[in-house]
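As a plain string of letters, each chain reads:
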Amino acid sequence: MRVVVLTGAGISAESGVPTFRDADGLWEGHRVEDVATPEAYEAQPSVVQRFYDERRAALDGVEPNAAHQALARLEEALGDDLYLVTQNIDDLHERGGSQRVHHMHGRLRTALCRACRGRSEVHHPLLEFPPCPRCGVPELRPDVVWFGEVPYEMDTIIAELQRCDLFVSVGTSGAVYPAAGFVQYARQHGARTLELNLVPSEGTYFFDEARHGPASRLVPDWVDELT
Ligand code: APR
């Protein structure tokens with residue numbers, strides 16, 4: 001059985017990573033459009049760099065929770081029949097044991113060079129504008145997909161949605177496209193669909209089944225059922 005799992009900020013909430021919409025639309029005091037758009041970066045690069053440097057530094061203070069670990073168990077059981085795509089830019093899936101994680105909105109831990117387009121692991125705050133380890137030019141930006149930019153790996157994600165038997169959405173509000181449309185696309189191609197979220201998401205009616213509660217309980221229970 002082929003399974004696609006989409007995760008959002010809700011799966012990391014119990015690890016202490018704030019979600020976007022539970023913080024009444026503010027990200028640590030910033031309006032999203034002030035920090036998560038290419039225009040914001042052009043207008044005030046230091047504000048944007050500092051915002052992501054702070055979120056990257058905060059990663060050292062959080063741990064994966066039982067939901068991340070359960071998805072790693074699921075990967076062991078299903079192998080290549082599991083496609084895990086996340087909207088999250090944190091590294092908790094990897095630290096929870098998942099080997100193959102597809103970050104459609106990018107990753108805090110990597111930087112993207114605006115000069116050579118190369119990616120590199122971040123070892124210094126980007127606010128210091130360190131030189132790109134590949135081309136030497138000090139033009140490293142967060143490797144994060146901002147509003148108005150194209151999410152990563154969309155072709156592969158679409159192909160996986162077309163051929164999966166089960167689509168499961170974990171901890172996402174269903175408020176931001178294209179991820180919010182994945183459930184409808186999977187249904188159109190014959191997949192069963194399951195929502196695991198604290199409360200009904202904006203797209204909950206598109207799902208065949210919806211279970212509501214904390215991911216740290218719902219996800220392990222579901223993985224135990226499936227394996
Ligand atoms: N367990 C399960 N679900 C939870 C938990 C929890 N402990 N805590 C919160 N949630 C749910 C909330 O009910 C909400 O539906 O997680 C969802 C989080 O929604 P958002 O904050 O909107 O996060 P997300 O859906 O990942 O946002 C999508 O929007 O801001 C952009 O690019 C950003 O990737 C992000 C995208």
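As the structure is a computational prediction, the values presented were derived from the model and not from experiment. (Residues numbered from 1 in each chain as written. Predicted model: local features only at pLDDT ≥ 70, side-chain atom pairs only at ≥ 80, totals over all residues. Heavy atoms only, no water.)

Participant: Run through the packing of helix H5 (residues 66–78) against helix H9 (residues 215–226), naming residues and quoting values.
Facilitator: In the contact formed by H5 and H9, the axes pass within 7 Å of each other and the chain directions differ by 20°. It follows that H5 is roughly parallel to H9 by the angle criterion. H9 is crossed by H5, and the crossing has left-handed handedness. Note on element contacts: H9 touches H5 through Ala 215, Ser 216, Val 219, Pro 220, Trp 222, Val 223, Asp 224 and Leu 226, opposite Ala 66, Ala 67, Ala 70, Leu 71, Arg 73 and Leu 74. Considering only residue class, the contact of H5 with H9 consists of 11 nonpolar, 1 polar and 2 charged. (Axes fitted to C-alpha atoms, helices over the stretch in contact; angles between N-to-C directions. Helix = DSSP H or I, 4+ residues; strand = E, 2+ residues; numbered from the N terminus. Parallel < 35°, antiparallel > 145°, perpendicular 65-115°, else oblique. Left-handed = near helix turned anticlockwise from the far one by under 90°. Contact = heavy atoms within 4.5 Å. Nonpolar A, V, L, I, M, F, W, Y, C, P; charged D, E, K, R; others polar.)

Participant: Describe the site of the ligand, and please don't skip the residues or the numbers.
Facilitator: For the ligand, the set of nearby residues contains 23 residues, the closest of which are Ala 9, Arg 21, Thr 172, Ser 173 and Ala 215. Between the ligand and Ala 9, the relevant distance is 2.8 Å, taken from an oxygen atom to a main-chain nitrogen or oxygen of the residue. Contact distances for the ligand include 3.3 Å between an oxygen atom and a backbone N or O atom of Gln 87. For the ligand, the protein covers 93% of the area, taking 730 Å² as the surface of the free molecule. (Near = heavy atom within 4 Å. Polar contact = N/O pair within 3.5 Å; in protein donor to acceptor, adjacent residues only side chain to side chain. Areas by Shrake-Rupley, 256 points an atom, 1.4 Å probe, with all protein chains shown as cover.)

Participant: An account of the domain arrangement of the chain is requested, with residue identities and associated values reported.
Facilitator: Splitting the chain by domain gives domain 1 (1–17 + 63–105 + 151–227) and domain 2 (18–61 + 106–144). Taking only C-alpha atoms into account, the centre of domain 1 sits 25 Å from that of domain 2. The interface is formed by 18 residues belonging to domain 1 together with 15 residues belonging to domain 2. The contact between domain 1 and domain 2 buries some 1,300 Å² in all, and 55% of this surface belongs to carbon and sulfur atoms. By the criterion of area lost to domain 2, the three top residues of domain 1 are Val 17, Ile 89 and Tyr 152, representing 42% of everything that side buries. Where domain 1 meets domain 2, there are 1 salt bridge. A salt bridge links Asp 91 to Arg 109; the nearest nitrogen and oxygen atoms lie 2.9 Å apart. The set of elements that each furnish at least two residues to the side of domain 1 that touches domain 2 consists of helix H1 (10–13) and helix H6 (92–95). A per-class count over the side of domain 1 that touches domain 2 returns 8 nonpolar, 6 polar and 4 charged. (Domains from an automatic or database assignment. Buried area = accessible area lost by both parts, 1.4 Å probe. Salt bridge = Lys/Arg side-chain N within 4 Å of Asp/Glu carboxyl O.)

Participant: Lay out the packing of aromatic side chains in plain terms, naming residues and giving numbers.
Facilitator: Throughout the structure, instances matching the rule amount to 4 aromatic pairs. Ring plane angle 85° and centroid distance 5.0 Å describe the contact between Phe 51 and Tyr 52, whose orientation is recorded as edge-to-face. With relative accessibility at 1%, the residue Phe 51 sits in the buried group. Between the aromatic rings of Phe 167 and Phe 207, the centroid separation amounts to 6.3 Å while the plane-to-plane angle is 20°, which identifies the pairing as stacked. Of the two residues, Phe 167 is situated in strand E9 (residues 166–170) and Phe 207 in the loop between strand E10 (192–197) and strand E11 (209–212); the sequence distance between them amounts to 40 residues. These aromatic residues form a ring-pair network of at least three members: Tyr 41, Phe 51, Tyr 52 and Trp 146. Geometry around Tyr 152 places Arg 119 over its ring, the cationic atom sitting 4.8 Å from the centre. Residue placement shows Arg 141 over the ring face of Trp 146; its charged tip is 3.8 Å from the ring centre. (Phe/Tyr/Trp six-rings, centres within 6.5 Å; stacked < 30°, edge-to-face > 60°. Buried < 20%, exposed > 50% of the residue type's maximum accessible area, 1.4 Å probe, protein only. Lys NZ or Arg CZ within 6 Å of the ring centre and 35° of its normal.)

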